[in-house]
Amino acid sequence: MADLIHCITNPISMMQCANAVLALGDKPIMAEHPLEVKEITDDASALLLNLGNISDSRMEAMKISFEAALFKELPIVLDAVGVACSELRRKFALELIKEREALMRDESRDFKGFFLIKGNNSEIKALLDENYRGLGVDADERLKKEDSISASIKLAASLNATVLCSGETDMITDGEKTFLISNGVSEMGNITGTGCMLGAVCASFLAHEKSIHQVVKACAFFGIAGEIAREELLKNQKDMNERVSPIGCGSFLIKLLDELSVVNEDIIEKRINLDYI
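Residues numbered from 1 in each chain as written. Predicted model: local features only at pLDDT ≥ 70, side-chain atom pairs only at ≥ 80, totals over all residues. Heavy atoms only, no water.

Undergrad: How would you sum up the overall build of the protein? Please name residues and give values.
TA: Helix and strand counts for the protein come out as 10 helices and 9 strands. Taken over the C-alpha trace, the protein has a radius of gyration of 18 Å; the compact-globule value for 277 residues is 19 Å, and the two agree within 12%. Seen through its C-alpha atoms, the protein measures out along the principal axes to roughly 65 × 40 × 35 Å. For the protein, the proportion of its 277 residues judged to be buried stands at 53%. Taking all contacts inside the protein whose residues are at least 6 apart in sequence as the whole, residues at least 24 apart take part in 70%. For the protein, the accessible surface area stands at approximately 13200 Å², while carbon and sulfur atoms represent 51% of it. (Helix = DSSP H or I, 4+ residues; strand = E, 2+ residues; numbered from the N terminus. Rg over C-alpha atoms; globule rule 2.2 N^0.38 Å. Buried < 20%, exposed > 50% of the residue type's maximum accessible area, 1.4 Å probe, protein only. Contact = heavy atoms within 4.5 Å. Areas by Shrake-Rupley, 256 points an atom, 1.4 Å probe, with all protein chains shown as cover.)

Undergrad: I'd like a rundown of the pairing of strand E1 (residues 4-8), residues and numbers included.
TA: Most of E1 is tucked away, with 4 of its 5 residues classed as buried. For the handedness criterion, the β-α-β arrangement of E1, helix H1 (residues 14-23) and strand E2 (residues 27-29) is classed as right-handed. Across 4 bridges, E1 lies against strand E3 (residues 46-50) in parallel orientation. By the bridge assignment, Cys7 is partnered in E3 with Leu48. (Right-handed = clockwise from strand over helix to strand, strands pointing away. Pairing = 2+ DSSP bridges.)

Undergrad: Provide a residue-level description of the sheet that holds E3, including the pertinent values.
TA: If you walk across this open sheet you meet the 9 strands as E2-E1-E3-E4-E5-E6-E7-E8-E9, and the pairing is mixed. Strands with a single pairing partner mark the edges of an open sheet, and in this sheet they are E2 and strand E9 (274-276). Across this sheet, the average inter-strand angle for adjacent strands is 20 degrees, counted without regard to direction. As judged from the 3 bridges shared by strand E6 (residues 162-165) and strand E7 (residues 170-173), these two strands associate in the antiparallel manner. The residue of E7 that forms the bridge with Val163 is Thr173. Against the sheet, helix H6 (residues 145-159) makes contact with strand E5 (115-119), E6, E7 and strand E8 (178-181), and its axis sits at roughly 30 degrees relative to E7, the strand it touches most. (Axes fitted to C-alpha atoms, helices over the stretch in contact; angles between N-to-C directions.)

Undergrad: Hey, could you go over unusual backbone geometry for me, with residue numbers and the actual values?
TA: In this structure, Asn53 is a non-glycine residue whose phi angle is positive, near 50 degrees. Tracing the backbone through its elements, the reader meets Asn53 in the loop between E3 and helix H3 (56-72). If you check the backbone angles, Glu73 has positive phi at about 60 degrees while not being a glycine. Within the secondary structure, Glu73 is located in the loop between H3 and strand E4 (76-79).

Undergrad: Residue-level account of the packing of aromatic side chains, with values.
TA: The full count for this structure, using the stated rule, is 3 aromatic pairs. Between Phe66 and Phe115, the aromatic rings sit 5.9 Å apart at their centres with planes inclined by 65 degrees, giving edge-to-face as the arrangement. Of this pair, Phe66 sits in helix H3 while Phe115 sits in strand E5, placing them 49 residues apart in sequence. The burial state of Phe66 is the same as that of Phe115; both residues are buried. (Phe/Tyr/Trp six-rings, centres within 6.5 Å; stacked < 30°, edge-to-face > 60°.)

Undergrad: Outline the layout of surface pockets, supporting the account with residue identities and numerical values.
TA: The calculated volume of the largest pocket comes to roughly 1300 Å³. As for the largest pocket, its lining consists of 46 residues, and the residues nearest its centre are Ser166, Gly167, Gly189, Thr194 and Gly195. Mapped onto the lining of the largest pocket, the elements with two or more residues apiece are E5, helix H5 (121-128), H6, E7, helix H7 (194-208) and helix H8 (212-239). The leading source of residues in the lining of the largest pocket is H7, at 4 residues. Its residues assigned to classes, the lining of the largest pocket comprises 14 nonpolar, 21 polar and 11 charged. (1 Å grid on protein atoms, 1.4 Å probe; cavity = no way out; pocket = protein on both sides within 12 Å on 5 of 7 lines; lining within 4 Å. Points joined across faces, edges and corners; volume = space filled by probe spheres on them. Nonpolar A, V, L, I, M, F, W, Y, C, P; charged D, E, K, R; others polar.)

Undergrad: Which residues make up the environment of Ile153, and what are the values?
TA: Of note, Ile153 is situated in helix H6. Separated by 94 residues in the primary sequence, Ile153 and Met59 have C-alpha atoms spaced 27 Å apart.

Undergrad: Got a sec to walk through the pairing of E6? Specific residues and values, please.
TA: The alternating pattern of E6 places Thr162 and Leu164 and Val163 and Cys165 on opposite faces, both of which are buried. Taken together, the 4 bridges between E5 and E6 define a ladder with parallel strand orientation. Its bridge partner lying in E6, Gly119 is registered against Cys165. Hairpin connection from E6 to E7: 4 residues lie between these consecutive antiparallel strands.

Undergrad: Before we move on, could you go through the nonpolar core and cite the residues and values that matter?
TA: Core analysis: the biggest nonpolar cluster contains 49 residues, and Val215, Phe252 and Leu260 have the highest contact counts within it. Apart from residues no more than four positions distant in its own chain, Phe252 is found in contact with Val185, Glu187, Met188, Ile191, Gly226, Ala229, Arg230, Leu233 and Ile247. Counting 40 residues, the second-largest nonpolar core is a separate cluster that includes Met59, Phe111, Ile117 and Cys165. (Core = buried A, V, L, I, M, F, W, Y, C linked by side-chain atoms within 4.5 Å.)

Shown next as structure tokens:
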């Protein structure tokens, strides 16, 4: 049976996130009105909160849904888009995190919710270091891979959460176990919304099982879909005896959506590029 994935995300990538969830066989719902989101979250199997293009109404809705998901112990994905360049977003993300921490300290409950914090290296560092500031929503090329791994591990350990630092190599850690996924292609960074799509894919995978291994599998799945999309587009050029040229962003996005609906467990197992720390 398909799971309902409640995604409160930005309008820039809303359709792509919905299509990514549909490609996995689940049901997306993108409700964001504060007066209905509790009801929607109560019926969902996972919650995605994406801080891109934030607004007062969306922040209010996210807080309500976050509280409902915590109460039901649903898996929650917090995609911390822009927290490195916006103090508003950083403070809001930290408020949500503190609310979860308070619940975890409640000795009357044996809390078993799963919390995934997703961001690029700049966003993860911003949640760990209040003095850090990045430029825009892109990754910070000044940050070394080793420093980003260290920051991700520290953040995960301090919050008893799972952290996904996405990039050319995706780093997934719970503070003890750390996995590195190196699947994917550069074309995925040339279209808007692929990072948001990955957050939706993670939410869908976590709806089926709340574990760090599902996050690892989700990252591999998404990257492999991108690899195959690129391979198929280049193959089509060759079959048509056309000159091999750069792959267009529009063509790649459509082919990526195609591959998200057909990549399976066997393909992931054969092509996953996985390392451990």
